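# Structural features, examined
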Amino acid sequence: MLTACDPAFWDGGSVDISDVFNGGAHDPPDSNDPPGPPGTGGAGGGGGGDSGPLSAAVAMTRAQREALMQAYYDQIMNETGSVVSTAAAGGQPDQDPNDLMLHISDMGESCDLYPRALPCGEHWQLRLVLPIAYQQVGVYDLDDFSLHATVFETGAPYSPAPDDCPKGGGTLFGSGTLEILAIDSAEVRFRVTTDAALMGGNPSGEYTAPRCP
């Protein structure tokens, strides 16, 4: 199960992605949330445009993710005419632009697009923050707030409509560890071990995340 306090599931629409971007947990959407681009949605708020090559995991710096987030906001404004606050894309004073953001998904991740839409069908995304001090071989507790272990998931479709399914997101809840097996300028190899039970399965496993250029 997942949540910062209590399970948070909702049907359809986009979520407030500013907390995701900054490494926090989600609440269900409300009228102040930024709209997703037309034809998109799902956990994580969706993302428009075409992604580049996909891999099970990617590693990007916080600065790189800020740039992708700004592009996402710009796309919303261009496609819908809605003016969206870009405060989330500016980060916070205590957020190091050199933090590594580990993005993992059963649907694959890209260095060219954030946030990525998560379709219905029992799929999941896991987001982890790797501060400078953690960018070395070692084992770290997923309960460590510095990791901001955040998950998003979708359930089985209710109907043929592409976004008609349960969706949820929040802090990964359950015991577990992140083990950095190897890290260099090209990639991060790591293992996730967790007893978290998601609608789409369990994200435990060993991953190799290429660093985004």
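Residues numbered from 1 in each chain as written. Predicted model: local features only at pLDDT ≥ 70, side-chain atom pairs only at ≥ 80, totals over all residues. Heavy atoms only, no water.

Let us now look at the pairing of strand β9 (residues 187–194). Burial along β9 is one-sided: the face carrying Val188, Phe190, Val192 and Thr194 is buried and the face carrying Glu187, Arg189, Arg191 and Thr193 is not. Counted along the chain from strand β8 (residues 176–183) to the antiparallel partner β9, the turn is three residues long. Pairing between β9 and strand β10 (residues 205–210): six bridges, direction antiparallel. From the neighbouring strand, Arg189 faces β10, where its bridge partner is Thr208. (Buried < 20%, exposed > 50% of the residue type's maximum accessible area, 1.4 Å probe, protein only. Helix = DSSP H or I, 4+ residues; strand = E, 2+ residues; numbered from the N terminus. Pairing = 2+ DSSP bridges.)

Let us look at the sheet that holds strand β5 (residues 138–141). Paired through their backbone hydrogen bonds, the strands of a sheet run either parallel or antiparallel. What the four strands build is an open sheet, ordered β5-β8-β9-β10; its pairing is antiparallel. The strands lining the two open edges of the sheet, one partner per strand, are β5 and β10. Across the sheet, the mean angle separating the axes of adjacent strands is 25° when strand polarity is ignored. (Axes fitted to C-alpha atoms, helices over the stretch in contact; angles between N-to-C directions.)

Glancing now at the nonpolar core. If you look at the biggest cluster of nonpolar residues, it comprises 25 residues, and the most contacted ones within it are Ile104, Leu128, Leu178 and Phe190. Taken together, the elements giving at least two residues each to this core come down to β2 (55–61), β3 (100–109), β4 (124–130), β8, β9 and β10. For this core, the leading source of residues is β4, giving four residues. The contacts of Phe190, once residues within four sequence positions are left out, are Ala57, Leu102, Ile104, Leu178, Glu179, Ile180, Leu181, Gly205, Glu206, Tyr207 and Ala209. (Core = buried A, V, L, I, M, F, W, Y, C linked by side-chain atoms within 4.5 Å. Contact = heavy atoms within 4.5 Å.)

The full count for this structure, using the stated rule, is two disulfides. What pairs with Cys111 in a disulfide is Cys212, and their sulfur atoms sit 2.0 Å apart. Linking Cys111 and Cys212, the disulfide has an S-S dihedral of approximately -80° and is accordingly described as left-handed. Within this pair, whereas Cys111 is found in the loop between β3 and β4, its partner Cys212 is found in the segment after β10, the two being separated by 101 residues in sequence. Residue classification places Cys111 among the partly exposed residues on the basis of a relative accessible area of 22%. Exposure remark for Cys212: the relative accessible area of 11% places this residue in the buried category. Each sulfur in the disulfide pair Cys120 and Cys165 lies 2.1 Å from the other. Between Cys120 and Cys165 the disulfide shows an S-S torsion of about -85°. By sign, it is left-handed. One end of the pair, Cys120, is in the loop between β3 and β4; the other, Cys165, is in the loop between β6 (150–154) and β7 (166–171), and 45 residues separate them in sequence. Judged by relative accessible area, which is 1%, Cys165 ranks as buried. Disulfide connectivity for the protein chain, with bonded cysteines indexed by sequence position, reads 1-4, 2-3. (Disulfide = S-S within 2.5 Å.)

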